[in-house]
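If you want the building blocks of each chain, they are given just below.
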Amino acid sequence: MANYLAKRKAYASITEYFDGRAAKFEEGAWTKNPQIIGMFEASLPPSGPCYVIDAGGGTGILAKAMQPNLPCATFINVDLSYQMSLIAKQKNISSVLADISNLPIASGRIDAILLRQVIHYLPAPNLAVNECHRVLRTGGKLLLGQFVPFDEPDQEWMRSISRIWQSFVVDFLTATELKRLLISNNFSIERVQECIAVESVAKWIGRDKSISEDTSKQIWSIFTLAATRHPDPRTIHVEGNDILFNNRFLLIEAIAR
Ligand SMILES: C[S@@+](CC[C@H](N)C(=O)[O-])C[C@H]1O[C@@H](n2cnc3c(N)ncnc32)[C@H](O)[C@@H]1O
């Protein structure tokens, strides 16, 4: 019962947050970053999948970008947020309001699942990955794409930011932890690709209209300090009135065994 209530509370915070951000969500440069989208495209051959779930697909921006390369595929967006799903629906992507840890889909029916920038919001990532495995056919592909910490000290630093802003973020798993999570749920790792996306603190914070002045100040001070002290390879530097930082995006192609 306690677990159930904690989960409901966490999901309420996530839906409220993404409902509020839906209209501006695609202003985030990473959402349409061509390198990131290119990595997803390179992972699914055009003649390949028929049914593709965009798990936690949000506004459907990734599915929409991939559609021209996968003319035979049917994309199904599954998300908790009504406002995010509505935008996906307006793009003619079938949208289901559901928790990806409990997919309303029969077992073994799906050819591929996209899971981009969702895992850090999940109270139990293991449940969701297990559920992805259940609905995929044997040999089906899970494409887990995620900004990941560069190393463990960097993971601690990312946690220090989410404690102040987006406290409903559960955790930022490292590349090693993500691979372990997949392998322990009967996936084999086929390929790992990565790229670096440069982010601006001003734009990053500016997209969240609900952020308080105090929180915004605290984040600026974490980054200002990091610009002088944070070790490479993240690379954080002041540029005029802004601070730019490297974000490491990883795409893991995992095959359901
Ligand atoms: C950062 S957005 C990413 C959206 C999309 N995957 C993309 O890359 O453009 C995270 C999305 O995950 C959704 N989400 C978080 N937890 C979820 C869950 N348990 N089940 C379904 N959706 C979830 C949120 O509502 C939000 O739309």
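Placed above this text is the structure.
For the structure given in this document, a descriptive report is provided here. All values reported here derive from a predicted model rather than from experimental measurement. The written sequence of each chain sets the order in which its residues are numbered from 1. Given that this is a predicted model, residues contribute local features only at a pLDDT of at least 70 and side-chain atom pairs are listed and counted only at 80 or more, while totals for whole chains, interfaces and linings are drawn from all residues.

1. Examining the overall build of the protein chain
Right, on to step 1. We count a stretch as a helix when DSSP gives it H or I for four or more residues in a row; a strand needs E for two or more, and each element gets its number in order from the N terminus. When helices and strands are tallied, the protein chain shows nine helices and eight strands.
Right, on to step 2. Here the protein chain has a C-alpha radius of gyration of 18 Å; the compact-globule value for 257 residues is 18 Å, and the two agree.
Right, on to step 3. With C-beta atoms placed from the backbone, a residue counts as buried when 20 or more other C-beta atoms lie within 10 Å of its own, as exposed when 12 or fewer do, and as partly exposed for counts between those limits. For the protein chain, buried positions account for 33% of its 257 residues.
Right, on to step 4. Contact between residues is assigned whenever the C-beta positions, reconstructed from backbone atoms, fall within 7 Å. Once local pairs closer than 6 in sequence are excluded, the contacts in the protein chain between residues at least 24 apart make up 73%. Both definitions apply: the radius of gyration is a C-alpha atom measure, and the globule rule equals 2.2 Å times residues to the power 0.38.

2. A closer look at the site of the ligand
Right, on to step 1. For each residue, a C-beta atom is placed from the backbone, and the residue is labelled near a molecule or strand when this atom is within 6 Å of it. Taken together, 21 residues lie around the ligand, and Gly56, Gly58, Ser81, Ile100 and Arg116 are the ones closest in.
Right, on to step 2. Only helix H1 (2–21), helix H3 (61–66) and strand S2 (74–79) provide two or more residues apiece to the shell around the ligand.
Right, on to step 3. Residue composition of the shell around the ligand, grouped by class: eleven nonpolar, seven polar and three charged. Under the grouping applied here, Gly and all other residues not named as nonpolar or charged are polar, the nonpolar ones being Ala, Val, Leu, Ile, Met, Phe, Trp, Tyr, Cys and Pro and the charged ones Asp, Glu, Lys and Arg.

3. Digging into helix H4 (residues 82–90)
Right, on to step 1. The complete set of buried residues in H4 reads Met84, Ser85, Ile87 and Ala88. For H4, the buried positions fall inside an angular range of 155 degrees around the axis, keeping them on one side.
Right, on to step 2. Just downstream of H4 lies Asn92, where phi reads positive at about 65 degrees. Relevant arc is that of directions from the helix axis to the C-beta atoms, nothing else.

4. Focus on the nonpolar core
Right, on to step 1. With 54 residues, the main nonpolar core has Ile113, Leu115 and Leu142 as its most contacted residues.
Right, on to step 2. Setting aside chain neighbours within four positions, we find Leu142 in contact with Ile113, Leu115, Cys132, Leu136, Phe187, Ala254 and Ala256.
Right, on to step 3. Val201, Ala226, Ile236 and Ile243 belong to the second-largest nonpolar core, a separate cluster that totals five residues. Remark: nonpolar core denotes a set of buried Ala, Val, Leu, Ile, Met, Phe, Trp, Tyr and Cys residues whose joining runs through C-beta atoms within 7 Å.

5. Quick look at the packing of helix H6 (residues 152–164) against helix H9 (residues 213–229)
Right, on to step 1. Contact pair H6 / H9: the axes reach a minimum separation of 10 Å and the direction vectors enclose 165 degrees. Classified by the interaxial angle, the pair formed by H6 and H9 is roughly antiparallel. As for how H6 packs across H9, the hand of that crossing is right-handed. Across from Trp157, Ser160, Ile161 and Ile164 in H6, the residues of H9 making contact are Thr215, Gln218, Ile219, Ile222 and Ala226. Between N-to-C directions, angles cover 0 to 180 degrees, with each direction set by a line fitted to C-alpha atoms, over the stretch in contact for helices. Note on angle classes: values under 35 degrees are labelled roughly parallel, values over 145 roughly antiparallel, values of 65 to 115 roughly perpendicular, and the remainder oblique. Put simply, a crossing is left-handed when the front helix is turned counterclockwise from the back one by less than a right angle, and right-handed when it is turned clockwise.

6. Some words on unusual backbone geometry
Right, on to step 1. Following Asp232, the chain continues into Pro233 via a peptide bond in cis, with omega recorded as 15 degrees.
Right, on to step 2. For Pro233, the position within the fold is in the loop between H9 and strand S7 (236–239).
Right, on to step 3. Phi is positive for Asn186, close to 70 degrees, though the residue is something other than glycine.
Right, on to step 4. Of the residues examined, Asn186 has 16 C-beta atoms within 10 Å and is grouped as partly exposed.

7. Some points on the pairing of strand S8 (residues 242–256)
Right, on to step 1. Both strand S5 (residues 136–148) and S8 contribute to a ladder of eight bridges, which runs antiparallel. Its bridge partner being in S8, Phe147 is matched across the sheet by Phe249.
Right, on to step 2. One requirement defines pairing of two strands: DSSP has to find at least two bridges between them. The loop that links S7 with its antiparallel partner S8 comprises two residues; one of these, Gly240, has a positive phi angle of about 60 degrees.

8. Considerations on the environment of Glu152
Right, on to step 1. Examined against the element boundaries, Glu152 turns out to sit in helix H6.
Right, on to step 2. Judged by C-beta crowding, with 11 C-beta atoms within 10 Å, Glu152 ranks as exposed.

9. Focus on the environment of Arg248
Right, on to step 1. When you line up the elements, Arg248 lands in strand S8.
Right, on to step 2. It is 16 Å that separates the C-alpha atoms of Arg248 and Ile161, two residues lying 87 residues apart in sequence.
Right, on to step 3. When residues no more than four places from it in sequence are discounted, the contact partners of Arg248 are Phe147, Val148, Phe150, Glu194 and Ile196.

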